[in-house]
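Architecture at a glance
So the chains spell out like this:
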Amino acid sequence: MGALTPARGPKQPQQERSRATRLKLLEAAIACLAERGWSGSTVSVVAERAGVSRGAAQHHFRTREDLFTAAVEHVAEKRRGAVKAVAHNLPPAGSIARTWVIVEELVGLYTGPLFRAALHLWVAASDEEQLRDRVTALEARVGREAHRTAVALLDADEAVPGVRETVQGLLDMARGLGLANLLTDDSARRDRVVEQWAKIIDSVLNPADRR
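Residues numbered from 1 in each chain as written. Predicted model: local features only at pLDDT ≥ 70, side-chain atom pairs only at ≥ 80, totals over all residues. Heavy atoms only, no water.

Moving on, we get to the UniProt feature "domain: HTH tetR-type" (unreviewed entry) in the chain. In the numbering used here, UniProt assigns the feature "domain: HTH tetR-type" (unreviewed entry) to residues 19-79. End C-alpha to end C-alpha, residues 19-79 measures 20 Å, and it is 80% helix and 0% strand. (UniProt positions renumbered as here; feature names shortened; annotations may be inferred. Helix = DSSP H or I, 4+ residues; strand = E, 2+ residues; numbered from the N terminus.)

Take a look at the structure:
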């Protein structure tokens, strides 16, 4: 009697494999954008980094623009998840410590590799007409979501004059710090700016408590 054939484990469902391949491509696209910029991030380069064939990449993303727009949407989702996670471990409401942690985390969204990858796509969109409309729409949506998240975390009442502008100013400042961090390590100055902005935000949101 011949040797028994070893039993094989259950095959990975096609849908699950497809999802895993798509995620690999998105993560590789983000890394390529952050390291190589738009001009150095072709579909072939991304596919090679992800460990999949070019044909597999094009099965998931018909064009280069589709791939990188999806990658930045993936970045935005990861950034949203990172900020929402902060809400589960914050100092007491109304404290300057809580405000400082929130400001620091919001600034962190704009000073890491995820923001760097998004920035490369924005620069490309300024020259690539086929990218411009979709990236402009995506950035507008991400900006609105970032503002809503900041308002929720800070428990800010935008009916109070000046509060909405202060929160938006925080996000604009964070984006500027992210740009400054592209060329040099700006962490020392950034820490001082974050501390000062936390005081400003706190004084606007809790004026009666700081008299």
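The rolling of a water-molecule-sized probe over the atoms marks out the regions of remaining empty space. Roughly 200 Å³ of volume is contained in the largest pocket. Within the residue set of the lining of the largest pocket, elements represented by two or more residues are α5 (96-109) and α9 (187-205). With 3 residues, α5 is the single largest residue contributor to the lining of the largest pocket. Here the lining of the largest pocket is composed, by residue class, of 8 nonpolar, 4 polar and 3 charged. (1 Å grid on protein atoms, 1.4 Å probe; cavity = no way out; pocket = protein on both sides within 12 Å on 5 of 7 lines; lining within 4 Å. Points joined across faces, edges and corners; volume = space filled by probe spheres on them. Nonpolar A, V, L, I, M, F, W, Y, C, P; charged D, E, K, R; others polar.)

Here we take up unusual backbone geometry. Despite not being glycine, Asp155 has its phi angle at roughly 55 degrees, a positive value. Relative to the helices and strands, Asp155 resides in the loop between α7 (129-154) and α8 (163-180). Taking relative accessible area as the criterion, Asp155 reaches 69% and is therefore assigned exposed. (Buried < 20%, exposed > 50% of the residue type's maximum accessible area, 1.4 Å probe, protein only.)

This brings us to the domain arrangement of the chain. Assigned domains of the chain: these are domain 1 (1-62) and domain 2 (64-210). Each of domain 1 and domain 2 has a C-alpha centre, and the two are 31 Å apart. Opposite the 18 residues of domain 1 that make contact, domain 2 presents 19 residues. Summing the contributions of domain 1 and of domain 2, the shared interface buries around 1,700 Å²; its carbon and sulfur component is 75%. The largest per-residue losses of area from domain 1 upon contact with domain 2 belong to Ile30, Leu33 and Trp38, which jointly make up 44% of the total buried on that side. Connecting domain 1 to domain 2 are 0 salt bridges. Across the contact surface, domain 1 and domain 2 share 4 residue pairs in polar contact (both at pLDDT 80 or more). Here the residues of the side of domain 1 that touches domain 2 sort into 11 nonpolar, 4 polar and 3 charged. (Domains from an automatic or database assignment. Contact = heavy atoms within 4.5 Å. Buried area = accessible area lost by both parts, 1.4 Å probe. Salt bridge = Lys/Arg side-chain N within 4 Å of Asp/Glu carboxyl O. Polar contact = N/O pair within 3.5 Å; in protein donor to acceptor, adjacent residues only side chain to side chain.)

All chains considered together, the criterion is met by 8 salt bridges. Notably, a salt bridge pairs Lys199 with Glu195, separated by 3.9 Å at the nearest N-O pair. Here Glu195 and Lys199 lie together in helix α9, a separation of 4 residues that amounts to about one turn. The class for Lys199 is partly exposed, based on a relative accessible area of 44%. Here the salt bridges share partners, and the residues they tie into one network are Glu73, Arg141 and Glu145.

A few words on empty space enclosed by the protein. Evaluated as defined, the whole model comprises 2 cavities of 30 Å³ or more. Here the largest cavity is characterised by a volume of approximately 120 Å³. Lining the largest cavity are 11 residues, and of these Arg79, Arg80, Leu109, Val142 and Ala146 sit closest to its centre. Looking at the lining of the largest cavity, the elements with two or more residues in it are α4 (64-86), α5 and α7. In terms of residue class, the lining of the largest cavity is made up of 7 nonpolar, 1 polar and 3 charged. Volume-wise, the second largest cavity comes out at about 40 Å³. Lining the second largest cavity we find Val72, Val75, Ala76, Arg79, Ala118, Trp122, Leu138, Glu139 and Val142. Only α4, α6 (113-127) and α7 provide two or more residues apiece to the lining of the second largest cavity. The greatest single-element share of the lining of the second largest cavity, amounting to 4 residues, is contributed by α4.

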